[in-house]
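Chain and residue survey
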Amino acid sequence: MVLLSAFVGIAAGTVYAPTIPLHAVELEAPSWIVTALPMGLPSIIGLIILLPVGILADRTGRRKEIILIAMAVTVVANLGLALSNSWVALSIWRIFSGLPFAFMSVYVVLVSFMFSEKRRGSAVALAGGSAMLGMGGSQALSGYLVKVLGGNIGLYYLAAGLAVLSILFLLPAKIPVVKSPTGISGKDIRQVIGHKAILYTGITLMIYLIGWQSIYGSFSFVLVDFLNTPVELQAVFFAVVSVMLGLGTFIWGPVIDKLGAKKTLFVALFISAAATFAMLPLLESMWAYVLLFWLATLGGVCGSPGASVVATKSVKPELSTIGLNTMFLFVMLPGIIGGFLAGPLIAGIGLFGMILVAAIFELIGTGMLFGVPDK
């Protein structure tokens, strides 16, 4: 039931990601808003609340209740999107609709408690992969659903229904309450937040992800406005990216268990950076652009289970949520930076320039992996 809740819950905050930039264009939004809507804006809420939520979750052990509250807010946010009649209102509600993605880390912690430490990679892959498959599967249908439901407004109402369904799936689930028997002190929290392995790994992935998120945030915009891709086909291409995020998470989890997080991350992110550089001479080809970004995504998705393994193995079990959410702060920040950066870069130095900047960020992040501790 937890995995089903994650599957539909993440979909509730992401099903419209392929089409909401086009809705923003209709509302005459500036380019930096258009490219920030898929991931940049919804990442803001996660950046603000991840650490406080992690502390609350580990102190109380009430992770299930925290997720239920987040999904209730998501219902309201999606209804707000449906009622928005300006790009400003659309942007504000999109920030709050980012709660499901922000709370994916709490789902990961819940499932990790069900596995032994030796199978931590598989555990985080199962939870994260289920959530990402929910996102990708729903997005694959988003272009079709927009037509069937009469536009984006109908899709927002559907998303609100998915959030309700996520609540219903999670309510009967029996979740172990894992917390420190002696409580969590400020010293414990400071040690986790300042843990060298978590900080270094987080900074490394942040640099890599600024590049990847720049392409991800502008993906729909580039396909439609630069490569003349039909909206329905663009939505499918975007959804495949999300499906690959889910499937890739399943794939990399067992590999991490066998090779360790550091080696697996290096191989995967090197593949991603190489694929991004390969885009540069082929930017006039829609299929080359799409296929290479899919490959970059397949490698890049290793960052999620890899970072989760490093974070959860670096701290005591009762501090897992704080550790993981500290790591996820660095994962959320690139969504904001890359999302807001892509539009101005394209406007200022063109699509080639934006891809080149993205590829350089990815390569720097990959090189920094040599300093990540073996986990």
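Another aspect to go through is the overall build of the protein. Counting secondary structure elements, the protein contains 18 helices and 0 strands. Computed over C-alpha atoms, the radius of gyration of the protein comes to 19 Å, within 12% of the 21 Å expected from 2.2 N^0.38 for 375 residues, which places it in the range of a compact globule. Oriented by its inertia axes, the alpha-carbon framework of the protein measures out at about 60 × 45 × 30 Å. Out of the 375 residues belonging to the protein, those deemed buried represent 61%.

What follows covers empty space enclosed by the protein. One pass over the structure, following the stated rule, counts 2 cavities of 30 Å³ or more. Space inside the largest cavity adds up to approximately 340 Å³. Considering the residues around the largest cavity, the lining is formed by 23 residues, among which F101, L209, L245, S304 and V331 are closest to the centre. Mapped onto the lining of the largest cavity, the elements with two or more residues apiece are helix 9 (120-140), helix 13 (196-225), helix 14 (231-259), helix 17 (303-313) and helix 18 (320-367). Looking at the lining of the largest cavity element by element, the count peaks at 6 residues for helix 13. For the lining of the largest cavity, the per-class residue count stands at 15 nonpolar, 8 polar and no charged. In this structure, the second largest cavity spans a volume of roughly 40 Å³. In this structure, the second largest cavity is lined by G13, T14, P38, M39, P42, R94, S97, G98, P100 and F101. Going through the elements one at a time, helix 1 (2-14) and helix 7 (99-102) are the ones with two or more residues in the lining of the second largest cavity. Of the residues that constitute the lining of the second largest cavity, the class distribution is 5 nonpolar, 4 polar and 1 charged.

Looking now at helix 1. Relative to the 18 Å expected for 13 residues at 1.5 Å per residue, helix 1 spans 18 Å between its end C-alpha atoms, a close match to the ideal helical length. Of all 13 residues in helix 1, 10 are buried; the element is thus mostly enclosed. For helix 1, the complete set of buried residues consists of V2, S5, A6, V8, G9, I10, A11, A12, G13 and T14.

Parameters and conventions
Residues numbered from 1 in each chain as written. Predicted model: local features only at pLDDT ≥ 70, side-chain atom pairs only at ≥ 80, totals over all residues. Heavy atoms only, no water. Helix = DSSP H or I, 4+ residues; strand = E, 2+ residues; numbered from the N terminus. Rg over C-alpha atoms; globule rule 2.2 N^0.38 Å. Buried < 20%, exposed > 50% of the residue type's maximum accessible area, 1.4 Å probe, protein only. 1 Å grid on protein atoms, 1.4 Å probe; cavity = no way out; pocket = protein on both sides within 12 Å on 5 of 7 lines; lining within 4 Å. Points joined across faces, edges and corners; volume = space filled by probe spheres on them. Nonpolar A, V, L, I, M, F, W, Y, C, P; charged D, E, K, R; others polar. Expected span 1.5 Å × (residues − 1).

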